[in-house]
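Below, each chain spelled out in residue letters.
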Amino acid sequence: MILQALVDQFKQRFQHEKRAQVCLWFDEKEEFVRLLPSFRAHLESMRSPPFRVLEYDVGQRHGQIWLKYQVYRTLDALPEDERQRQRFLIYLPLSEDRLEHGVPSGEPALDMLTDYRIGGVTWRIGGKRPTLFSFLKQANVKLPRGPRDQQSLNHGARSSFIAKYVANIVDRPTFI
């Protein structure tokens, strides 16, 4: 199941750096955004979710300060022994470059999240920035091998054929 494969990917990142409590998930092209509602529901259906998902969303006023406060508030409410086990996955529909630089439109750098970059982990697949295609390939989903076919699947990022298709079959146990 695709949702469990996604959970497993993030659990693996946290196992890579056991002290990390935050994993940054950059999705510059918003390829994964259609999966978020199903992903969140999947985590909520688990008896003991391995992490809590927080989403950066300026429109909802869920920016850097909100993200930091959610982490702080959650940890502060837990007993000491549980604080060490709590993990957070922060979804950022932005370029990873925003950690260092703002953008010409005036949006600031994500400098308030620098401590998460340093003390946490960033999601990678095979050491590279993840794409929906690379994630599906890692999850052993049968995909076209030809570059031309791959490009046609990925064209349009958020509204690409592959993003729409995966969002529609995300809860199915197997893939075609």
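These lines cover the structure that appears in this document, whether it is placed above or below. What you are looking at is a predicted structure, and each value in this text was computed from that prediction instead of being measured.

1. Digging into the sheet that holds strand E1 (residues 22-26)
Then, number 1: What the four strands build is an open sheet, ordered E2-E3-E1-E4; its pairing is parallel. Edge positions in the sheet fall to strand E2 (52-55) and strand E4 (121-122), since each has one partner strand and no second.
Then, number 2: Here five bridges tie E1 to strand E3 (residues 88-92), and the two strands are oriented parallel to one another. The partner of Phe26 across the bridge, within E3, is Leu92.
Then, number 3: On top of the sheet, helix H1 (residues 2-16) reaches E1, E3 and E4; it is set at about 130° to E1, its chief contact.
Then, number 4: Each of E1, E2 and E3 is contacted by helix H2 (residues 36-45), which is oriented at about 155° to E2, the strand it contacts most.

2. Points about the pattern of salt bridges
Then, number 1: If you walk through the whole model with that rule in mind, you get eight salt bridges.
Then, number 2: The partner of Glu17 in a salt bridge is Arg19, with the nearest N and O atoms 3.4 Å apart.
Then, number 3: Since its relative accessible area comes to 27%, Glu17 is described here as partly exposed.
Then, number 4: Here Glu55 and Arg40 are joined by a salt bridge, their closest N and O atoms 2.4 Å apart. Separated by 15 residues along the polypeptide, Glu55 in strand E2 and Arg40 in helix H2 bring together distant segments of the chain.

3. Observations regarding the side chain of Thr74
Then, number 1: Tracing the chain through its elements places Thr74 in helix H3 (residues 64-77).
Then, number 2: On the basis of relative accessible area, Thr74 is assigned to the buried category, the value being 14%.
Then, number 3: With residues up to four places along the chain from it excluded, the contact list for Thr74 reads Arg52, Gln86 and Phe88.

4. Observations concerning the nonpolar core
Then, number 1: Among the nonpolar cores identified, the biggest contains 32 residues, and Phe10, Trp25, Phe39, Phe51, Trp123 and Phe135 are the most heavily contacted of them.
Then, number 2: Elements supplying a minimum of two residues to this core: H1, E1, H2, E3, helix H6 (132-138) and helix H8 (161-169).
Then, number 3: Here this core gets seven residues from one element, more than from any other, and that element is H1.
Then, number 4: Residues within four places of Phe10 in sequence aside, it is in contact with Cys23, Trp25, Phe39, Phe51, Leu89 and Trp123.

5. Notes on the packing of aromatic side chains
Then, number 1: Within the structure shown, the criterion is met by 14 aromatic pairs.
Then, number 2: Relative to Phe51, the ring of Phe14 lies with its centre 6.2 Å away and its plane at 35°, an arrangement referred to as tilted. Remark: Phe51 occurs in the loop between H2 and E2 and Phe14 occurs in helix H1; sequence separation between them is 37 residues. For the pair Phe14 and Phe51, a shared accessibility class is recorded, and that class is buried.
Then, number 3: Pairing Trp123 with Phe135 gives two aromatic rings, centres 6.2 Å apart and planes at 65°, and the pair type is edge-to-face. In this pair, Trp123 is assigned in the loop between E4 and H6 and Phe135 in helix H6, connecting sequence segments twelve residues apart.

6. Looking at H1
Then, number 1: Taking 1.5 Å of rise per residue, 15 residues should cover 21 Å, and H1 covers 21 Å from first to last C-alpha, within 8% of that figure.
Then, number 2: Residues Ile2, Leu3, Ala5, Leu6, Val7, Gln9, Phe10, Arg13 and Phe14 constitute the buried set of H1.

7. Digging into the environment of Ile125
Then, number 1: Among the secondary structure elements, Ile125 is positioned in the loop between E4 and H6.
Then, number 2: For the pair Ile125 and Gln9, spaced 116 residues apart in sequence, the C-alpha separation works out to 8.4 Å.
Then, number 3: When sequence neighbours within four positions are dropped, the list of residues in contact with Ile125 reads Gln9, Pro130, Ser134, Phe135 and Gln138.

Reading the values: rules and limits
Starting from 1, residues in each chain are numbered consecutively following that chain's sequence as written. Local features are withheld for residues below a pLDDT of 70 in this predicted model, meaning they are given only at 70 or higher, and side-chain atom pairs are given and counted only at 80 or more; totals for whole chains, interfaces and linings count all residues. Side-chain calculation: all heavy atoms of the structure are included, whereas hydrogens and water are not. When DSSP finds two or more bridges between a pair of strands, those strands are recorded as paired. Note on conventions: DSSP H or I runs of at least 4 residues are helices, E runs of at least 2 residues are strands, and numbering of each starts at the N terminus. Whether two residues are in contact is decided by their heavy atoms, any of which lying within 4.5 Å being enough. Only the contacting stretch of a helix is used when fitting its axis, a line to C-alpha atoms as for every element, and angles between N-to-C directions run 0 to 180 degrees. Salt bridge criterion: a side-chain nitrogen from Lys or Arg within 4 Å of a carboxyl oxygen from Asp or Glu. Think of it in three bands: with a 1.4 Å probe and only protein chains considered, a residue is buried below 20% of the maximum accessible area for its type, exposed above 50%, and partly exposed in between. Note on terminology: a nonpolar core comprises buried Ala, Val, Leu, Ile, Met, Phe, Trp, Tyr and Cys residues joined through side-chain atoms within 4.5 Å. Each aromatic pair joins two rings of Phe, Tyr and Trp (for Trp, the six-membered one) with centres within 6.5 Å, and gets the label stacked for planes under 30 degrees apart, edge-to-face for over 60, and tilted for any other angle. Any helix carries an expected span of 1.5 Å times its number of residues minus one.

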